[in-house]
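Residue strings, one per chain:
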Amino acid sequence: EGGGGGGGGALLADLPGLVEGAHAGRGLGRQFLQQLRRVKVVLFVLDTTCAEVDVGEQYAILRRELQLYNPDYLARPHLVALNKLDTLLQAEGPAALAPETRRLTALLAAAARASAAPGDGPPTSPFAVLPISGMKGKGLRALQEAIAAALADHDAGAEGESDPPHPQ
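Residues numbered from 1 in each chain as written. Predicted model: local features only at pLDDT ≥ 70, side-chain atom pairs only at ≥ 80, totals over all residues. Heavy atoms only, no water.

## What to know about the confidence of the model for the chain
Part 1 of the argument: Chain-level statistics for the chain give a pLDDT mean of 78 and a share of 71% at 70 or above.
Part 2 of the argument: Highest mean pLDDT in the chain belongs to strand β3 (residues 128-131) (93); lowest belongs to helix α1 (residues 29-34) (64).
Part 3 of the argument: Between residues 1-6, whose pLDDT stays under 50, and residues either more than four places distant or in other chains, the model counts nine contacts.
Part 4 of the argument: Across residues 162-168, confidence stays below pLDDT 50; counting only partners more than four residues off in sequence or on other chains, it has zero contacts. (pLDDT = per-residue confidence, 0-100. Helix = DSSP H or I, 4+ residues; strand = E, 2+ residues; numbered from the N terminus. Contact = heavy atoms within 4.5 Å.)

See the structure below:
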């Protein structure tokens, strides 16, 4: 957080060990999930090279853990970073990036719909879905810009809300 913790900057919380069952205390899940209390925008970083769990299932697991821990967390704007797409570029070339990003975005949408609880209404869509390569530093500027835009959008919406009246 910027400026001595006064609340003016963006707060980042890294949840590297968020695993299925975290909401119930598996691993360090509850300690990680507590860090989301003051976070305005959530960024999901998904591994596009994982053979065991595709990005749709990764996304569904993370959303489910947030839902089970605190459903309000799912109402927050969120972005998705599709990490390790440099392996696709290396194997298939730049022309494969846009179609693969569209395919993975469709997987995310299907996973969100499938994991929505009955009566919850439609799941919130990501503010943005961005291909990145953390290792090579590709796509990180676009990711920074998307995070800034999501924060600005959140703050603009928050300014329009009035505070509840305080009891006298």
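Still more to cover.
## Describing the packing of helix α2 (residues 55-69) against helix α4 (residues 97-115)
Part 1 of the argument: Closest axis-to-axis distance for the α2/α4 pair is 8 Å, and the angle between their directions is 40 degrees. On the basis of their axis angle, the class for α2 and α4 is oblique. Helix-helix and strand crossings are classified by hand; for α2 and α4 the assignment is right-handed. Seen from α2, the contacting residues are Val55, Gly56, Tyr59, Ala60, Arg63 and Arg64; seen from α4, they are Leu104, Leu107, Leu108, Ala111, Ala112 and Ser115.
Part 2 of the argument: Split by residue class, the contact of α2 with α4 holds eight nonpolar, two polar and two charged. (Axes fitted to C-alpha atoms, helices over the stretch in contact; angles between N-to-C directions. Parallel < 35°, antiparallel > 145°, perpendicular 65-115°, else oblique. Left-handed = near helix turned anticlockwise from the far one by under 90°. Nonpolar A, V, L, I, M, F, W, Y, C, P; charged D, E, K, R; others polar.)

## Some words on the nonpolar core
Part 1 of the argument: By size, the foremost hydrophobic cluster in this structure holds 21 residues, and its most contacted members are Phe44, Leu46, Tyr59, Val80, Leu82 and Leu108.
Part 2 of the argument: Contributions of two or more residues to this core are made by β1 (42-47), α2, β2 (78-83) and α4.
Part 3 of the argument: For this core, the element with the most residues is α2, which contributes five residues.
Part 4 of the argument: Beyond its immediate stretch of four places on either side in the chain, valine 80 contacts Leu43, Phe44, Leu46, Tyr59, Leu108, Pro126, Ala128, Val129 and Leu130.
Part 5 of the argument: Core analysis: the next-biggest nonpolar cluster, separate from the first, contains 10 residues, Val41, Ala81, Ala150 and Leu151 among them. (Core = buried A, V, L, I, M, F, W, Y, C linked by side-chain atoms within 4.5 Å. Buried < 20%, exposed > 50% of the residue type's maximum accessible area, 1.4 Å probe, protein only.)

## Looking at the pattern of salt bridges
Part 1 of the argument: Following the criterion strictly, the structure yields four salt bridges and no others.
Part 2 of the argument: A salt bridge links lysine 40 to aspartate 155; the shortest N-O distance between them is 3.2 Å. On the criterion of sequence distance, the pair formed by lysine 40 in the loop between α1 and β1 and aspartate 155 in helix α5 (residues 140-159) is long-range, its members being 115 residues apart.
Part 3 of the argument: With relative accessibility at 29%, the residue aspartate 155 sits in the partly exposed group.
Part 4 of the argument: Residue glutamate 100 is joined to arginine 103 by a salt bridge in which the shortest nitrogen-to-oxygen separation is 2.8 Å. A residue pair is termed a helical-turn pair when its members lie 3 or 4 positions apart in one helix, as glutamate 100 and arginine 103 do in helix α4 at three residues. (Salt bridge = Lys/Arg side-chain N within 4 Å of Asp/Glu carboxyl O.)

## Comments concerning the sheet that holds β3
Each strand in a sheet pairs with another by means of backbone hydrogen bonds, the pair being arranged parallel or else antiparallel.
Part 1 of the argument: The strand order across the open sheet built from three strands is β1-β2-β3, with neighbouring strands paired in parallel fashion. Of all the strands in the sheet, the pair left with one neighbour each is β1 and β3. Each strand axis lies, on average, 20 degrees off the axis of its neighbour in the sheet, ignoring direction.
Part 2 of the argument: Here β1 runs beside β2; their pairing, made up of six bridges, is parallel. Residue valine 42 lies in a different strand from β2, and its bridge partner there is histidine 78.
Part 3 of the argument: α2 rests against β1 and β2 of the sheet, and its axis sits at about 145 degrees to β1. (Pairing = 2+ DSSP bridges.)

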